[in-house]
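Descriptive analysis of the structure
Listed here are the chains, written in short residue letters.
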Amino acid sequence: MQTHVNPSHKQITSRLLIMIATLFMALAPLNNAYAKTNKKQYQFEAKEIYVMDVKSGQMIYQKNGNQKRPIASLSKLMTLYLTKQAIDRHKLNWNQKVAVSKPLIKMSKSYELGTFKIKHSKQYTVKQLYQAALIASSNSAAIALGQAVANGNNTQFIKQMNQQAKKWHIDANFVSSSGLDNTDLRKYHLQIPGSSNKAQNMVSAKAISTVAAKVLTEFPSITNWSKKSAMKVGDQVLVNSNRLLPGGAFYKKANHVDGLKTGFTDTAGLCLTISYWKNGRHLIATIIDSNTIFSSMVKLIKSIDRHYRMVKVPLTTHQFSVDKHVVTATPQVKATAIWLRRGSTQTKSTKQYTKTTEKLPVKQGEIVGNTLIKLSGGRTAAVPMLAANSIKANVNKKTVKQVKNQSWWQKIGNFILNIFVGLVALMARLIETVVKLF
């Protein structure tokens, strides 16, 4: 018979210390090499970053911002946008009860995928599911909302997500309303027909930041919910995982963060899109696939404040030709903010007007075009142009004067042409008079 002798506590401690020391010595050269090669290349840990001004749409800072990749629960921002759109179009209402399917109830109780438990015996309103998807990042709630928007058809709702992305001209491909990939969705029979078993949402940092901007523009009061660290819904408490909010470990009052969405999957990594304010401007910052999200976001906000400054560019009225009528349009704001790198001496910008309305009628206050402010380095900011007056569709059409100023050569040419036409007319009259005399 063999006997097993247990080592003493001192022997165990000694061995552990030796193993830890050996491990640190082995990894030290690798850590130093990594730090040296990446310190200058990457200022922040995240692989993709995008920071933009909500109102003007100007990109302030980006790193790999146009690269499509998995974004996990940041995808829910598109679901939240389309849900609010359905409410605004009276297809849903906040107090409407939503039927939740058995697979979603089962998902809600999953240790890995559930953050808001949905009970068989209880019905939930659109508002409750919306809050659960936003604050607790409930996958079941987000999918239930999408099904409610599309009359119970999950596949149809994903189609709507992709159609909306195409309409906004953003680089995104959705297979999920929650951000889960097909490795999880197929277990609950929620895989889109024709998609691969490992398919997932592929969206760029710029694209999801644009979606967030649309959400905040169309539904600004969403921050009344997204800024809460916790909220009670029914008999459950929704816990917000955003640690940049009051009470969180990374909260800083000066950053004025009021939401918006966190996310994580094994393939997407840690993801975060926030809404925050600086110098009276509403900004959005997104980081995707980061080793740390909250400390990285704090560094990013500080860096934007240190390296960028804001200047005001005044805007004026402009005339557009709409359906052969002159429509006078005024800018949505008298002056827009332009973000420049500190130390930059360039404050000049060029303005280009683009028309978005082709047909009458036009209502007063309706967006008929945009002022596009162009900066060096390809930076742009856009401001909507609003119709100053209403014009009906059945008014008599008149020839529209050219909106753009003619060049000097055009004016000289027209002047000479008018003289020539006048001389021809005079000669014709003289010939007619002579013929009558004879």
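Residues numbered from 1 in each chain as written. Predicted model: local features only at pLDDT ≥ 70, side-chain atom pairs only at ≥ 80, totals over all residues. Heavy atoms only, no water.

On to the overall build of the protein. The helix and strand tally for the protein stands at eleven helices and 18 strands. Relative to its 438 residues, the protein shows a buried fraction of 45%. Nonlocal contacts in the protein, meaning residues at least 24 apart in sequence, comprise 63% of its contacts between residues at least 6 apart. When the accessible surface of the protein is split by element, carbon and sulfur atoms take 55% of a total near 25,300 Å². (Helix = DSSP H or I, 4+ residues; strand = E, 2+ residues; numbered from the N terminus. Buried < 20%, exposed > 50% of the residue type's maximum accessible area, 1.4 Å probe, protein only. Contact = heavy atoms within 4.5 Å. Areas by Shrake-Rupley, 256 points an atom, 1.4 Å probe, with all protein chains shown as cover.)

Throughout the structure, instances matching the rule amount to ten aromatic pairs. Summarising the aromatic geometry, the rings of tryptophan 94 and tyrosine 130 are spaced 5.1 Å apart at their centres and angled 80 degrees between planes, so their arrangement reads as edge-to-face. One end of the pair, tryptophan 94, is in the loop between α2 (76-88) and β3 (97-98); the other, tyrosine 130, is in helix α4 (residues 126-135), with 36 residues separating them in the sequence. The same class applies to tryptophan 94 as to tyrosine 130, namely buried. Ring geometry for tryptophan 94 versus phenylalanine 219: centroids 5.8 Å apart, planes at 35 degrees, classification tilted. Taken together, the residues tryptophan 94 in the loop between α2 and β3 and phenylalanine 219 in the loop between α8 (205-218) and α9 (223-226) connect sequence positions 125 residues apart. (Phe/Tyr/Trp six-rings, centres within 6.5 Å; stacked < 30°, edge-to-face > 60°.)

Quick look at the side chain of serine 209 now. Relative to the assigned elements, serine 209 resides in helix α8. Contact partners of serine 209, with chain neighbours within four places excluded, come to Tyr50, Met52, Ile284 and Thr286.

Attention now goes to the sheet that holds strand β16 (residues 350-355). Taken in spatial order, the five strands make up an open sheet running β13-β14-β18-β17-β16, and their pairing is antiparallel. Pairing within the sheet leaves two strands with one partner each, and these edge strands are β13 (318-322) and β16. For this sheet, the mean inter-axis angle between neighbouring strands, taken without regard to orientation, is 35 degrees. Here six bridges tie β16 to strand β17 (residues 367-374), and the two strands are oriented antiparallel to one another. Counted as the bridge partner of threonine 354 is asparagine 370 from β17. (Pairing = 2+ DSSP bridges. Axes fitted to C-alpha atoms, helices over the stretch in contact; angles between N-to-C directions.)

Looking down a regular strand, the side chains alternate between one sheet face and the other. Residues Met231 and Val233 of strand β7 (residues 230-233) are buried on one face, while the alternating residues Ala230 and Lys232, pointing to the opposite face, are not. Bridge count for β7 against strand β8 (residues 236-239) is four bridges, and the pairing is antiparallel. Residue pairing in the sheet places valine 233 in a bridge with glutamine 236 of β8. Hairpin connection of β7 to β8: two residues between the antiparallel strands, including glycine 234 at a positive phi of 65 degrees.

Turning to the pattern of salt bridges, a few remarks are in order. In total, this model carries ten salt bridges according to the counting rule given. For aspartate 171, the salt bridge identified is with lysine 68, shortest N-O distance 3.7 Å. Pair noted here: aspartate 171 is in the loop between α6 (154-167) and β5 (172-173) and lysine 68 is in the loop between β2 (59-63) and α2, with a separation of 103 residues, a long-range link. Judged by its relative accessible area of 35%, lysine 68 is partly exposed. The salt bridge partner of lysine 119 is aspartate 235, with a shortest N-O separation of 2.7 Å. Of this pair, lysine 119 sits in the loop between α3 (102-108) and β4 (124-125) while aspartate 235 sits in the loop between β7 and β8; the two residues are 116 residues apart in sequence, bridging distant segments of the chain. With relative accessibility at 33%, the residue lysine 119 sits in the partly exposed group. (Salt bridge = Lys/Arg side-chain N within 4 Å of Asp/Glu carboxyl O.)

Attention now goes to the packing of α2 against helix α5 (residues 139-149). Interhelical geometry of α2 versus α5 gives an angle of 40 degrees and a closest axis separation of 10 Å. The orientation of α2 relative to α5 falls into the category oblique. Every pair of crossing elements has a handedness; the one defined by α2 and α5 is left-handed. Only Asn139, Ala142, Leu145, Gly146 and Val149 of α5 make contact with α2, whose side of the interface consists of Lys76, Thr79, Leu80, Leu82, Thr83 and Ala86. (Parallel < 35°, antiparallel > 145°, perpendicular 65-115°, else oblique. Left-handed = near helix turned anticlockwise from the far one by under 90°.)

This part is about the nonpolar core. Core analysis: the largest hydrophobic core is formed by 73 residues, its most contacted members being Met78, Met107, Tyr130, Phe174, Val211, Ile222 and Trp225. For this core, the leading source of residues is α8, giving eight residues. Not counting chain neighbours up to four residues away, the residues in contact with methionine 107 comprise Leu113, Gly114, Asn139, Ser140, Ile143, Leu180, Tyr188 and Leu190. One finds Ile49, Ala285, Ile301 and Trp339 within the second-largest nonpolar core, a separate group that totals 23 residues. (Core = buried A, V, L, I, M, F, W, Y, C linked by side-chain atoms within 4.5 Å.)

Turning our eyes to something else, we now look at the sheet that holds strand β11 (residues 281-290). Strand order in this open sheet of five strands is β2-β1-β11-β10-β9, and the pairing throughout is antiparallel. Each edge of the open sheet carries a strand with a single partner, namely β2 and β9 (257-265). Adjacent strand axes in the sheet meet at a mean angle of 10 degrees, parallel and antiparallel pairs treated alike. Pairing between β9 and strand β10 (residues 269-278): seven bridges, direction antiparallel. Along β10, the bridge assignment pairs lysine 261 with threonine 273.

Per-residue pLDDT for the protein has a mean of 83; in total, 78% of the residues score no lower than 70. Across residues 1-42 the pLDDT falls below 50, and counting only partners more than four positions away or on other chains, this stretch makes three contacts in the model. (pLDDT = per-residue confidence, 0-100.)

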